[in-house]
Structures are given as structure tokens and as C-alpha cells.
Amino acid sequence: MNAPMAPFAKPWVANPDGYRVPYEVFTDQAYYDQEQEHIFRDETWSFVGLDAELPNKGDFKSTAIGDTPVIVTRDQTGQLHVFKNLCMHRGALLVRESRGNVKSFDCVYHQWSFDLTGALRGVPMRRGVRGEGGMSPAFDMANFGLDALRVEVMNGLIFASFSKSVEPLADYLGEGIVANIQRIFNRPIRIMGDYRQYIHGNWKLYAENTRDPYHGSLLHLFHSTFGLYRATQKGFTYMDPSNRHSLLKATASAAPTSASEDQEVYKNVRSYNTEFHLQDASVLAGRPEFEDRASLVINAIFPNLLIQQIANCLAVRQSVTHAPNAFEIVWTLFGYADDDEEMQMIRMKQSNLVGPAGLISMEDGEAIEIVQDAVIRDGKKTSVLAMGGVHAGSVDHMITEGPIIGFWENYARYLKLGDELKK
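Throughout, a residue's number is its position along its own chain's written sequence, starting from 1. It should be noted that, the model being predicted, local features are given only for residues of pLDDT at least 70 and side-chain atom pairs only at 80 or more, the latter also being counted only at that level, while totals for whole chains, interfaces and linings use all residues. With hydrogens and water stripped out, all remaining heavy atoms of the structure feed into the side-chain values.

Participant: How do you make sense of the environment of Val-316 when you look at a structure like this?
Facilitator: Per the convention used, a helix needs a DSSP run of H or I reaching at least four residues, while a strand needs a run of E reaching at least two, with both numbered from the N terminus. Tracing the sequence through the fold places Val-316 in strand β18 (residues 313-323). Taking relative accessible area as the criterion, Val-316 reaches 1% and is therefore assigned buried. Once the C-alpha coordinates of Val-316 and Val-330 are considered, the two residues, 14 residues apart in sequence, prove to be 8.1 Å apart. Whether two residues are in contact is decided by their heavy atoms: any pair within 4.5 Å suffices. The contacts of Val-316, once residues within four sequence positions are left out, are Phe-47, Leu-50, Leu-157, Phe-185, Leu-305, Leu-306, Ile-307, Val-330, Trp-331, Thr-332 and Phe-334. Under the scheme applied here, a residue whose accessible area is under 20% of the maximum for its type counts as buried, over 50% as exposed, and between as partly exposed, the area being computed with a 1.4 Å probe on protein chains only.

Right under this line is the structure:
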């Protein structure tokens, strides 16, 4: 049984000076347990992989939704399935490899064998040995298939849900988010590779980070100094009608509005330094490939997916939880199957921008850990979310914390904290 939830009180109310979130949500096991039950294993769709990661019949990958291990596989008819990574005999982890190609899933413990559709096909010694032992005559293998999740695929992104009643994926995402998925995944893709980053912090701190449009021009020196994203660029922040998902988009070119305006906005800000220069500027060489000429798109999809376009660097990022103070980001970088040789090289060089040691993302993990380290004994104190107004919603700029507020409003809704929020 999960531990009882700590009582919520006025800190969750949107006060005039800012929307407040108690720090205990990042540290207490009770919250973590409730998140697994009511967010990751309830009425949500979670990202589990890309169709292009499983091109052949028999391909599989192991991953997790929250902290529940799952297997994504393509059967012999080409159909995709997602199962709990759990043998139906004694609960052993069925698959331990991250990827592979198999004809069946065979448990190492007692060799129960399941086909690619999840059906139980073999039980060693089921009829005993020399007429002794074995399973009861009433044992029916048809009743012991792998626990299957609902699966929907949109433009090559694979989503799964534990819920039988969750709304259709397109409705869950909303038209604006679907449009961005169609924009990025507009033709067949080619997987370039993965990064994995283990962070000693709470997964929700990363959810805040990726919904925070203006931190990128302050925390990341590379972003602002070399013009990938500056607060002076034109951009907007879009949220779906439920405020569950957000889309942060810099719509102008990477060039600053004006040198004088940048100097004024970034006056006394350490992350903007025009004295820095690149020894090899080719890492930023690229070319426009979308009609809107956007240079930065960060699309956060509740609860575990981020889709990025940073210049020509395309990737999905999946969050996998481990504990209240530990989670992992799995970055999968991709290009398009029809990329020419020049574009392939551009994407390879720009892949240095992201990942655990990325030129514009290495500070994020550190930022999360220094929050986690600081709030460990101050759970009743709160953060303050007020930039851009104390509410969630779409705005025609990126100096806002509205998407973070939208995340917390939905977090409270899924954990059934609505009544407390109204107090």
C-alpha cells in the first residue's frame, strides 16, 4: 500500500506574488509513489520509442514508463506491441538487453517462453518428469500472456498507456501539438544514436526546466553568446487547451534584433559574453529546412517526452524515473532518411550541442541537482512562479513561467489534489 499523501495547504494556491509549489514534491517518497500510480500508470499516454528504432520483424527495445519496465516489440506481422517487462511465472525481468532481435522472449529464470504477441508458448516440464510433478491439468497457457498496454503511433512516435479508458492520443495531445509532431516528423527518419544521462534529482525539476522558455538565455552561455537563442528574439509560447503540453518556439533567425538591445537586456548577465569566440565555427554551420525558419522548438509532452529542434539538431528526450532523487534522460537523435551527405555532417556536428556534455545543455543537469541538494530539508518552503503572470496559457513571447504552472495544475489534477488547490 502506498504511503498516505502529506496534506496540501495554501502554498499550492496562486498567490498574488506568484504560484507556489512546495519543495516536498521533489523529495518525499509518498509523492513519488502516487505519481507512479496516478500519472504514469493511469489516464495518460507515455512515449516509449520511435517506429524507426524497430525496423524489422522481431526487433525489440526495453525501456520504462515511470519506473515500470516495459518491452516494445514488432511481431512477425509487423504489428507493434508494448508489454510489461515481467514474466508471468514468478515476476522476473523478462528482457535485460536494451535492444535486439528475437523470435521469442524466454525468461532466464525458469525458461517460460512468450511469442512476439505476448502469448505464452512454452513452459518447461509442464507435464512433469517421468509422470511426476508438473502443472495442474487445469493450467491453461492462454491465461498467462504478458500484460499488454494500449498502443498508438503518430507519425512514427510510439505511445503506450496502462489505461483502457484514456482518451485517443490525438485528443490527448490537441491540434497544436499534433501539428508540431507532423511538422517535425514530416517524412521517414534515420536514427543517429542515443545519449543517456543519469541525474541525481527529481524528474519534475526537468519537467519544469523544459517548460521554462527564458532560462535558456540566462543559464546557457553558449545559447546567448553565440546567438542560438536570445531573449531579444521573436518567439511564442503555445499551450494546448488542457495546459498539459507546451510548445516553445523562437520564430526569428539566430541573428539578434540589435547589438545595442542585446547589450541592454544582458547587462550584468554573466551568460552573455561577446569576448568569447569559437575556434571552429563549423559546429554552428547549418541551413534552413523548415518553411517557418524556426531556429528553436522545444515541445514538452506530459508526462515523459520532449521533442526538440535546435537549428538542425533533431531529437526526442524521454524521462525515466528511478526514485524521488534520481531519473534518467534518454536522448535519441535523428535525421531524415533522405538527408544528403552535407546535412548528415551538419547534424553530426550539431549533436555536440545537446546531451550530458552538450554545449548548450550541460548546465541543465547541474541546475536540477543544485535545487535537489538545497531543498532536501526545506520541504514546506515553496518556489515562486510569477514570470509572465500567475497563470498558464499561450502568449506571444517567451518570458514566462506559464507552461510550468500548467504542468503543476495537471500534476495536481492527476493526483486528485484539486480540492486542496481551491482552498
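Participant: What is the right way to look at the nonpolar core in this model?
Facilitator: A general feature of soluble globular proteins is that nonpolar side chains tend to end up buried together. Nonpolar cores are built from buried Ala, Val, Leu, Ile, Met, Phe, Trp, Tyr and Cys residues. Side-chain atoms within 4.5 Å join them into one set. Core analysis: the biggest nonpolar cluster contains 82 residues, and Leu-157, Leu-173, Ile-181, Phe-185, Ile-307, Val-316 and Trp-408 have the highest contact counts within it. Sorting elements by how many residues they give to this core places helix α10 (residues 402-414) first, with 7 residues. An automatic or database domain assignment is the source of the domain bounds shown. Of the residues that make up this core, three or more belong to each of domain 1 (54-152) and domain 2 (176-418). Aside from chain neighbours lying at most four places away, what touches Ile-181 is Met-154, Asn-155, Leu-157, Leu-173, Ile-301 and Ile-307. If you look at the next biggest cluster of nonpolar residues, it comprises 17 residues, including Phe-83, Cys-87, Val-95 and Cys-107.

Participant: Looking at this structure, I do not really get the sheet that holds strand β5 (residues 68-74). What am I missing?
Facilitator: By way of backbone hydrogen bonds, the strands of a sheet pair with one another, either parallel or antiparallel. As summarised here, the arrangement of the 4 strands in space is β6-β5-β4-β7, forming an open sheet in which the pairing is antiparallel. Of all the strands in the sheet, just β6 (80-84) and β7 (99-101) have a single pairing partner and so form its edges. The mean angle between the axes of side-by-side strands here comes to 25°, regardless of whether they run parallel or antiparallel. Note on pairing: DSSP must find at least two bridges between two strands before they are called paired. Both β5 and β6 contribute to a ladder of 5 bridges, which runs antiparallel. Residue pairing for β6: Arg-74 is matched across the bridge by Leu-80. Under this scheme, a helix contributes an axis fitted over its contacting stretch, all axes are lines through C-alpha atoms, and angles between N-to-C directions fall in the 0 to 180 degree range.

Participant: How do you make sense of the pairing of β6 when you look at a structure like this?
Facilitator: The element β6 is extensively covered by neighbouring structure, given that 5 of its 5 residues are classed as buried. Taking the residues between adjacent antiparallel strands as the criterion, β5 and β6 are bridged by 5 residues, where Gly-78 takes a positive phi near 95°.

Participant: What should I look at first to understand helix α4 (residues 203-210) in this one?
Facilitator: One turn of the α-helix equals 3.6 residues, which is why residues spaced by three or four share an orientation. Among the 8 residues that make up α4, 8 are buried, leaving the element largely enclosed by the rest of the structure. Among the residues of α4, those classed as buried are Trp-203, Lys-204, Leu-205, Tyr-206, Ala-207, Glu-208, Asn-209 and Thr-210.

Participant: Teacher, can you tell me more about α10 here?
Facilitator: Multiplying one less than the number of residues by 1.5 Å gives the expected span of a helix. Between its terminal C-alpha atoms α10 stretches 19 Å, which fits the 18 Å expected from 13 residues at 1.5 Å a residue. Summarising burial for α10: 11 of the 13 residues are buried, a large majority. For α10, the complete set of buried residues consists of Gly-402, Pro-403, Ile-404, Ile-405, Gly-406, Phe-407, Trp-408, Asn-410, Tyr-411, Ala-412 and Tyr-414.

Participant: When you look at the packing of aromatic side chains in this model, what are you seeing that I'm missing?
Facilitator: Two measures describe an aromatic ring pair: the distance that separates the ring centres and the angle between the ring planes. We call Phe, Tyr and Trp rings a pair once their centres come within 6.5 Å, taking the six-membered ring for Trp, and we label the pair stacked below 30 degrees between planes, edge-to-face above 60, and tilted otherwise. Inspection of the entire model under this criterion finds 15 aromatic pairs. A centroid spacing of 6.1 Å and a plane angle of 75° characterise the contact between Phe-47 and Phe-159, whose relative ring orientation is edge-to-face. Within this pair, whereas Phe-47 is found in strand β3 (residues 46-50), its partner Phe-159 is found in strand β12 (residues 157-161), the two being separated by 112 residues in sequence. Classification of Phe-47 by relative accessible area gives buried; the value is 3%. Ring geometry for Trp-112 and Phe-139: centres 5.9 Å apart, planes at 65°, overall edge-to-face.

Participant: Explain the pattern of salt bridges here, please?
Facilitator: Note on pairing: side chains with opposite charge can pair once their charged atoms come close. By definition here, a salt bridge exists when the distance from a side-chain nitrogen of Lys or Arg to a carboxyl oxygen of Asp or Glu is within 4 Å. Applying the stated criterion to the full structure yields 19 salt bridges. For the salt bridge of Glu-35 with Lys-204, the shortest nitrogen-to-oxygen distance reads 2.6 Å. Residue Glu-35 is found in helix α1 (residues 29-40), and its partner Lys-204 is found in helix α4; the two are separated by 169 residues along the sequence. The closest approach of N and O atoms between Lys-349 and Asp-280, which form a salt bridge, is 3.9 Å. Highlighted residues: Lys-349 in helix α8 (residues 341-350) and Asp-280 in the loop between α7 (259-265) and β16 (296-301), separated in sequence by 69 residues. Residue classification places Lys-349 among the partly exposed residues on the basis of a relative accessible area of 30%. Here the salt bridges do not stand alone but share partners, grouping Glu-53, Lys-61, Arg-99 and Asp-194 into one network.

Participant: Is there a simple way to explain the sheet that holds strand β14 (residues 235-239) in this structure?
Facilitator: If you trace the 7 strands from one edge of the open sheet to the other, you get β13-β19-β18-β17-β16-β15-β14, paired in antiparallel fashion. The two strands at the open ends of the sheet, each matched to only one other strand, are β13 (189-199) and β14. For this sheet the average axis-to-axis angle between neighbouring strands, irrespective of direction, equals 15°. Of the strand pairs in this sheet, β14 and strand β15 (residues 246-250) are connected by 5 bridges, and their pairing is antiparallel. In the strand pairing of β15, Met-239 is matched with Ser-246.

Participant: What is the right way to look at unusual backbone geometry in this model?
Facilitator: Glycine aside, residues mostly have negative phi, and peptide bonds are mostly found in the trans state. Residue Phe-302 is joined to Pro-303 through a cis peptide bond whose omega torsion reads 5°. In this fold, Pro-303 is placed in the loop between β16 and β17 (305-310). You will see that Met-125, though not glycine, has its phi angle at about 60°, which is positive. Of note, Met-125 is situated in the loop between β10 (120-122) and β11 (150-154). By relative accessible area, which is 64% here, Met-125 ends up exposed. A positive phi angle, near 55°, is found at Ala-311, a position not held by glycine.

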